[in-house]
Amino acid sequence: MNKKNNLVLKIISVCTVITILGVGVFYFIDGSDNKYSYFTQHFAISIILFMVGINALILPFLNKQNYSGENKGDSMMRIVGLLLMLCAIINIIFSYLG
């Protein structure tokens, strides 16, 4: 992977972390009075799960060294990332059903 792609992935990773923190803070501030807005009720947790999934997909590409000599963790991170994105979609569906 060249340096330009590596920089783009780092920027995407930082943006996902900032989004996770921002939506998480908004979720807790909005829920302080035990009344959630429409956005918080249906989309906040799903956005957080989706962004963590994207971050889990990106991080193995940003890893420069493999200390243990195995790639099991990197391949597992890809599976975890995809499962987190699937859970985000399922969470949106269940938020409307329940």
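**Q** Describe the packing of aromatic side chains, with residues and values.
**A** With the rule as written, the count across this model stands at seven aromatic pairs. Each ring, one from Tyr27 and one from Tyr36, has its centre 5.3 Å from the other, and the planes form 15 degrees; the classification is stacked. Classification of Tyr36 by relative accessible area gives partly exposed; the value is 39%. Ring-pair connections join several aromatic residues into one group, and the members of that group are Phe26, Tyr38, Phe39, Phe43 and Tyr96. Between the NZ or CZ atom of Arg78 and the centre of the ring of Phe61, over which it lies, the distance is 5.0 Å.

**Q** Tell me what's going on with the packing of helix H1 (residues 3–30) against helix H2 (residues 38–62), and back it up with residues and numbers.
**A** It is the contact of H1 with H2, at a shortest axis distance of 9 Å, that shows an interaxial angle of 155 degrees. Comparing the axis directions of H1 and H2 gives the class roughly antiparallel. In the packing of H1 onto H2, the handedness of the crossing is left-handed. Residue classes in the contact of H1 with H2 are distributed as 19 nonpolar, seven polar and two charged.

**Q** Go over unusual backbone geometry with me, naming the residues and quoting the values.
**A** If you check the backbone angles, Asn34 has positive phi at about 60 degrees while not being a glycine. Among the structural elements, Asn34 can be located in the loop between H1 and H2. Of the residues examined, Asn34 reaches a relative accessible area of 66% and is grouped as exposed.

The rules behind each value
Residues numbered from 1 in each chain as written. Predicted model: local features only at pLDDT ≥ 70, side-chain atom pairs only at ≥ 80, totals over all residues. Heavy atoms only, no water. Phe/Tyr/Trp six-rings, centres within 6.5 Å; stacked < 30°, edge-to-face > 60°. Buried < 20%, exposed > 50% of the residue type's maximum accessible area, 1.4 Å probe, protein only. Lys NZ or Arg CZ within 6 Å of the ring centre and 35° of its normal. Axes fitted to C-alpha atoms, helices over the stretch in contact; angles between N-to-C directions. Helix = DSSP H or I, 4+ residues; strand = E, 2+ residues; numbered from the N terminus. Parallel < 35°, antiparallel > 145°, perpendicular 65-115°, else oblique. Left-handed = near helix turned anticlockwise from the far one by under 90°. Nonpolar A, V, L, I, M, F, W, Y, C, P; charged D, E, K, R; others polar.

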